[in-house]
Structure formats: C-alpha cells, structure tokens
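These are the residues of each chain, in order.
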Amino acid sequence: MPELGYMIAAVVIAGLITLLLRAVPFALLKPLRKSRLVQRLGRWMPAGILLILAVVVVRDEIAARPEQVWIVAAAIAVTVLVHLCAGRRALLSIFAGTGVYIALLNLL
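Computed from a predicted model, the values in this text were never measured in an experiment.

A. Representation of helix H4 (residues 90-107). For H4, spanning 18 residues, the distance from its first C-alpha to its last is 25 Å, which sits close to the expected 26 Å at 1.5 Å a residue. Those residues of H4 not exposed but buried are Ser93, Gly97 and Tyr101. Buried residues of H4, viewed axially, fall in a sector of 65°; they line one side. Turned more than 90 degrees away from the buried face of H4, the exposed residues are Leu91, Phe95, Asn106 and Leu107. Buried residues belonging to H4 abut helix H2 (36-64) and helix H3 (69-85).

B. Here's a closer look at the pattern of salt bridges. Applying the stated rule across the entire model yields two salt bridges. In this structure, the salt-bridge partner of Asp60 is Arg59, at a minimum N-O distance of 3.2 Å. When its relative accessible area of 38% is taken as the criterion, Asp60 is described as partly exposed. Classification of Arg59 by relative accessible area gives exposed; the value is 53%. Between Arg65 and Glu61 there is a salt bridge whose closest N-O contact spans 2.6 Å. Of the residues examined, Glu61 reaches a relative accessible area of 23% and is grouped as partly exposed.

Criteria and cut-off values
Residues numbered from 1 in each chain as written. Predicted model: local features only at pLDDT ≥ 70, side-chain atom pairs only at ≥ 80, totals over all residues. Heavy atoms only, no water. Helix = DSSP H or I, 4+ residues; strand = E, 2+ residues; numbered from the N terminus. Expected span 1.5 Å × (residues − 1). Buried < 20%, exposed > 50% of the residue type's maximum accessible area, 1.4 Å probe, protein only. Arc of directions from axis to C-beta. Contact = heavy atoms within 4.5 Å. Salt bridge = Lys/Arg side-chain N within 4 Å of Asp/Glu carboxyl O.

Okay, structure coming up:
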C-alpha cells in the first residue's frame, strides 16, 4: 500500500493537470475570438459537419436499400421543404423528414 503522502501528491498533481487542461483552451481562445479565420470557422463549420453527416447517412441508406432510393429522396425533399417553408426550424424539418422516411419504409 502506498504511503499517504504519495497518494495525496498524486491526487494534487492529477487535479492540477486536469485544471490546466480545462483552463488553457479558454485562455488561448480569448485572443483568437477577433480572428477572421476563427469567425469564419464558427460560421461555416457547423453546417459543414451537418452536411458531411447527412451525406454519409444518405449514402449508407442508399447502399443498404438500393431498390428504395425514392424513399430516401422523398424524405430529403420533405426535410428541405419543411425547412424552407417553416422558417428554417431545423428540429421541425429533421423530425418531418425522419417521420416521412420511417413511415414510408414501414408502410411500403
């Protein structure tokens, strides 16, 4: 069994490392907030990540059911239409598209 002093030192060192690892990104981010690159990344990165996710999911669904490509196309169309017609409400359009996809997949 390790000595008490050794265990206390290990916990203190681990706590300091954890604190530093959590604080350093915030300290480094403050000067970067005014950077044009960081502002552009903040604007376009979420949409880019969602686009990559959507492409991967659609590709996998088409590969899994090549005879039912029209179901995927219908769900995408509903998602886009609801998104554009309902004031760009992302959750509403995602729920509508997913609902259409599940309904068509299970009913047909």
